[in-house]
Amino acid sequence: MFTSGFTIWYNVTNVEQTLKFYTESLGFKLDFHDADNGMASVHTNTPDCFIGFSEATDVIPSKASAVFEVTNIEETVLKLKETGISFTSDVTTIPGLVKLATFKDPDGHDLELSQTLNGAE
Amino acid sequence: MKPEVRIVTISKQLSGRWTLPILLHIRTEGDRFSPLQKRLQISPSRLSSNLQSLINEGVLHHIRAEDRHHPLFPEYTLTDKGRFLKEAAHILSASEQQLNVGSLSQKAWNWPILMAIHHHCSRFNEIRGLLHTATPRILSTRLQELKEINIVSKTVVLHPTPASSYTLSQEAAPILRTANEDLLSIID
């Protein structure tokens, strides 16, 4: 029924500022940018997974977190802090399951890092 | 409502620096603020206040952020009145191109005055009577401006009492006639 492909679309106030955040701070690759129509998307490092952005006058920050999987969450948090990203939580551990750390994009959309734990951790 | 009153009312509604450009540029299926602003080359605050005026006049409908189901969907859509005025805007714009004297709709009362004269209002008070709310001062200023760009001709009639008589210039008359016919054709 479904083919491979997943995209999250966000309303944003300034698409250039958003692209700077997602490409320079998070390191995702630009997929396309249509400046005239105030829209763009980036390719996450997961195949066929994209995040799209469209400029809007009223932006309601999304509380549904987009969660990015990392291999070492503490190292990633430090690295992202160096690029100017502020985290809204410390690293939180759900024993035997996952470690999580939350932050926001320039429009306040919730984003999250996740490190999957194997049962022993 | 008499056709000439309806035509004058429509041309009044299309007056204003940004009214015609916004209606010409907004997509029929609706539009978002950002691309519209870039197409019009207008400051965000000016576009915002003009869009709000058009919403207040029932020309546009603003879709609230929580009611938009996708970020690429329109933030503004045309109402029935807006779709009608968009058609009318195309007619006035085509006439302005033919008249070749710049954007007449940018200044209030230009088009209503021309339509009043087209509908055989040749005396100052007849024009004023059809326009209803135009002050004598603004009407006098606009008539003088339209005369200076050779759209309107002014003659002095001596009988029964001395008075100025206004007519459309030879070049403008057929263009106004077509504009009037085209506007009448889209009125329900």
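What comes next concerns the included structure.

What counts and how
- Residues numbered from 1 in each chain as written.
- Chains lettered and ligands numbered in written order.
- Predicted model: local features only at pLDDT ≥ 70, side-chain atom pairs only at ≥ 80, totals over all residues.
- Heavy atoms only, no water.
- Contact = heavy atoms within 4.5 Å.
- Buried area = accessible area lost by both parts, 1.4 Å probe.
- Salt bridge = Lys/Arg side-chain N within 4 Å of Asp/Glu carboxyl O.
- Polar contact = N/O pair within 3.5 Å; in protein donor to acceptor, adjacent residues only side chain to side chain.
- Helix = DSSP H or I, 4+ residues; strand = E, 2+ residues; numbered from the N terminus.
- Axes fitted to C-alpha atoms, helices over the stretch in contact; angles between N-to-C directions.
- Parallel < 35°, antiparallel > 145°, perpendicular 65-115°, else oblique.
- Nonpolar A, V, L, I, M, F, W, Y, C, P; charged D, E, K, R; others polar.
- Phe/Tyr/Trp six-rings, centres within 6.5 Å; stacked < 30°, edge-to-face > 60°.
- Buried < 20%, exposed > 50% of the residue type's maximum accessible area, 1.4 Å probe, protein only.
- Core = buried A, V, L, I, M, F, W, Y, C linked by side-chain atoms within 4.5 Å.

1. Considering the interface of chain A and chain B
It is common to give the size of an interface as the accessible area that goes away when the parts come together. Each partner contributes to the interface: chain A provides 14 residues, whereas chain B provides 16 residues. Note on chain A versus chain B: buried area summed over both sides is about 1200 Å², and carbon and sulfur give 49% of it. Looking at the side of chain A facing chain B, the largest losses of area belong to Trp 9, Asn 37 and Thr 57 of chain A, adding up to 36% of the total buried there. Our count for the contact surface shared by chain A and chain B stands at 1 salt bridge. For Glu 55 of chain A, the salt bridge identified is with Lys 38 of chain B, shortest N-O distance 3.1 Å. Between the two partners, chain A and chain B, sit 10 residue pairs in polar contact (both at pLDDT 80 or more). Of all elements in the fold, only β1 (6–12) and β4 (49–55) of chain A reach the threshold of two or more residues within the side of chain A that touches chain B.

2. Thoughts on the packing of helix α1 (residues 3–13) of chain B against helix α9 (residues 172–186) of chain B
Residues and elements named next belong to chain B. Where α1 contacts α9, the axes come no closer than 11 Å and their chain directions differ by 95 degrees. Taken together, the axes of α1 and α9 are roughly perpendicular relative to one another. Contacts between α1 and α9 pair Pro 3, Ile 7 and Ile 10 from the former with Asn 180, Leu 183 and Leu 184 from the latter. Here the residues of the contact of α1 with α9 are counted per class, giving 5 nonpolar, 1 polar and no charged.

3. Points about the packing of aromatic side chains
Residue and element names in this part refer to chain A. Counted under the stated rule, the structure contains 4 aromatic pairs over all chains. Taking the centre distance of 5.1 Å and the plane angle of 75 degrees together, the rings of Phe 21 and Tyr 22 count as edge-to-face. Both residues of the pair, Phe 21 and Tyr 22, belong to the buried class. With a centroid separation of 5.2 Å and an interplanar angle of 55 degrees, the aromatic rings of Phe 28 and Phe 68 are classed as tilted. Here Phe 28, found in the loop between α1 (15–25) and β2 (29–34), pairs with Phe 68, found in strand β5 (residues 66–69); they are 40 residues apart in sequence, far enough to count as distant.

4. Structural notes on the nonpolar core
Judged by nonpolar contacts, the single largest core of 54 residues is most densely connected at Leu 14, Ile 113, Ile 127, Leu 131 and Leu 183 of chain B. The contacts of Leu 183 of chain B, once residues within four sequence positions are left out, are Ile 7, Ile 10, Ala 88, Ile 91, Leu 92 and Met 115 of chain B. With 24 residues, the next largest nonpolar core counts Leu 19, Tyr 22, Phe 28 and Ile 85 of chain A among its residues.

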